[in-house]
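This is what each chain is made of:
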Amino acid sequence: MENRPQLVIIVGSVREGRFGPVVASWVAQQAGLHGVFDVEVVDLADVDVPLALPGASPKHAGDDYPRPAGMAALTSALTNADAFVVVTPEYNHSYPASLKAAIDWHFTQWAAKPVAFVSYGGAAGGRHAVLHLENVLTELHAVTVRDGLAFPNYFTSWQDGRPLDPGSAGYARTVLDQLAWWAIALRSAREAVPYPG
């Protein structure tokens, strides 16, 4: 496919000993096999993402929003993305502060773009975190896809960098199919008419 959509996979946890990079690597592999996207993995542990925000809103400041220099690569990746997969654990029934900060430093970069979620955790598999993220990203005019992947008790359900459930690759393909449809449709729409948000 010419001009393939750009998929950015975001590793949301920066906690010491985190499992997120393992999950993100497997998701990137599945996206590569899927064959529709150009894939980039962005690990928030490699980005300067302060919790303190400027007084102005990134929605209104636009390109003049004063982000730290260490955030330039993240901002560029989000700007160039046609679709996102957010890989998140569940911390106390929600998602990590690092992920919230990265989201809040941006606005137009999310608008009119699809987001899928891959979560992991204990018995709930990170679904509480995803429910919160869906609300937040909807506020930023992103489009959250219906299907996602959740990995309950990841500490016993993964081995050698992959989930033990043989159906996981099929579930990933379903998510990527939906994400690709939305990515192509929304990119065409953004190119035809500027998003009004």
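A. Structural view of the side chain of Ser168. Along the polypeptide, Ser168 turns up in helix α7 (residues 168-192). What makes Ser168 buried here is its relative accessible area of 3%. Side-chain polar atoms of Ser168 contact the backbone oxygen of Asp165, separated by 3.1 Å. Dropping the residues within four chain positions of it, Ser168 is found in contact with Trp26, Leu149, Phe151 and Pro163.

B. Looking closely at the pattern of salt bridges. One pass over the structure, following the stated rule, counts 6 salt bridges. Note that Asp82 is salt-bridged to Arg190, the shortest N-O span being 3.1 Å. With Asp82 in the loop between α3 (72-80) and β3 (83-89) and Arg190 in helix α7, this pair connects stretches of sequence that are 108 residues apart. When its relative accessible area of 7% is taken as the criterion, Asp82 is described as buried. Between Arg146 and Asp147 there is a salt bridge, with the nearest N and O atoms lying 2.2 Å from each other. Judged by relative accessible area, which is 18%, Asp147 ranks as buried. Because the salt bridges share partners, they merge into one network encompassing Asp82, Arg187 and Arg190.

C. Examining the packing of aromatic side chains more closely. Taken as a whole and judged by the stated rule, the model has 11 aromatic pairs. Ring centres of Trp26 and Trp158 lie 5.8 Å apart, and the angle between their planes is 80°; on these two criteria the pair is classed as edge-to-face. Of the two residues, Trp26 is situated in helix α1 (residues 20-34) and Trp158 in strand β7 (residues 158-159); the sequence distance between them amounts to 132 residues. Overall, Trp158 belongs to the buried group, its relative accessible area being 10%. When the centroid spacing of 4.8 Å and the interplanar angle of 50° are considered together, the rings of Phe84 and Trp110 count as tilted. One end of the pair, Phe84, is in strand β3; the other, Trp110, is in the loop between α4 (97-104) and β4 (114-121), and 26 residues separate them in sequence. Here the two residues Phe84 and Trp110 agree in accessibility, since each one is buried. Pairwise contacts between aromatic rings join Phe19, Trp26, Tyr120, Phe151, Tyr154, Phe155 and Trp158 into one cluster. In this arrangement the basic side chain of Arg15 is found over the ring face of Tyr91, its NZ or CZ atom lying 3.8 Å from the centre.

D. Inspection of the packing of α1 against α7 at higher detail. Two numbers describe how α1 lies on α7: the axes approach to 10 Å, and their chain directions differ by 65°. Between α1 and α7, the angle is such that the two are roughly perpendicular. For the pair α1 and α7, the sense of crossing is right-handed. Where α1 abuts α7, its residues Trp26, Gln30, Ala31 and His34 lie against Ser168, Ala169, Ala172, Arg173, Leu176, Asp177 and Ala180. For the contact of α1 with α7, the class distribution of residues is 6 nonpolar, 3 polar and 2 charged.

E. How the structure looks around unusual backbone geometry. You will see that His93, though not glycine, has its phi angle at about 65°, which is positive. Mapping His93 onto the fold places it in the loop between β3 and α4. On the basis of relative accessibility, which here comes to 47%, the residue His93 falls in the partly exposed class. In the Ramachandran plot, Asn153 falls in the positive-phi region, its phi being about 45° despite a non-glycine side chain. Along the chain, the position of Asn153 falls in the loop between β6 (149-152) and α6 (154-157).

Rules used in this analysis
- Residues numbered from 1 in each chain as written.
- Predicted model: local features only at pLDDT ≥ 70, side-chain atom pairs only at ≥ 80, totals over all residues.
- Heavy atoms only, no water.
- Helix = DSSP H or I, 4+ residues; strand = E, 2+ residues; numbered from the N terminus.
- Buried < 20%, exposed > 50% of the residue type's maximum accessible area, 1.4 Å probe, protein only.
- Polar contact = N/O pair within 3.5 Å; in protein donor to acceptor, adjacent residues only side chain to side chain.
- Contact = heavy atoms within 4.5 Å.
- Salt bridge = Lys/Arg side-chain N within 4 Å of Asp/Glu carboxyl O.
- Phe/Tyr/Trp six-rings, centres within 6.5 Å; stacked < 30°, edge-to-face > 60°.
- Lys NZ or Arg CZ within 6 Å of the ring centre and 35° of its normal.
- Axes fitted to C-alpha atoms, helices over the stretch in contact; angles between N-to-C directions.
- Parallel < 35°, antiparallel > 145°, perpendicular 65-115°, else oblique.
- Left-handed = near helix turned anticlockwise from the far one by under 90°.
- Nonpolar A, V, L, I, M, F, W, Y, C, P; charged D, E, K, R; others polar.

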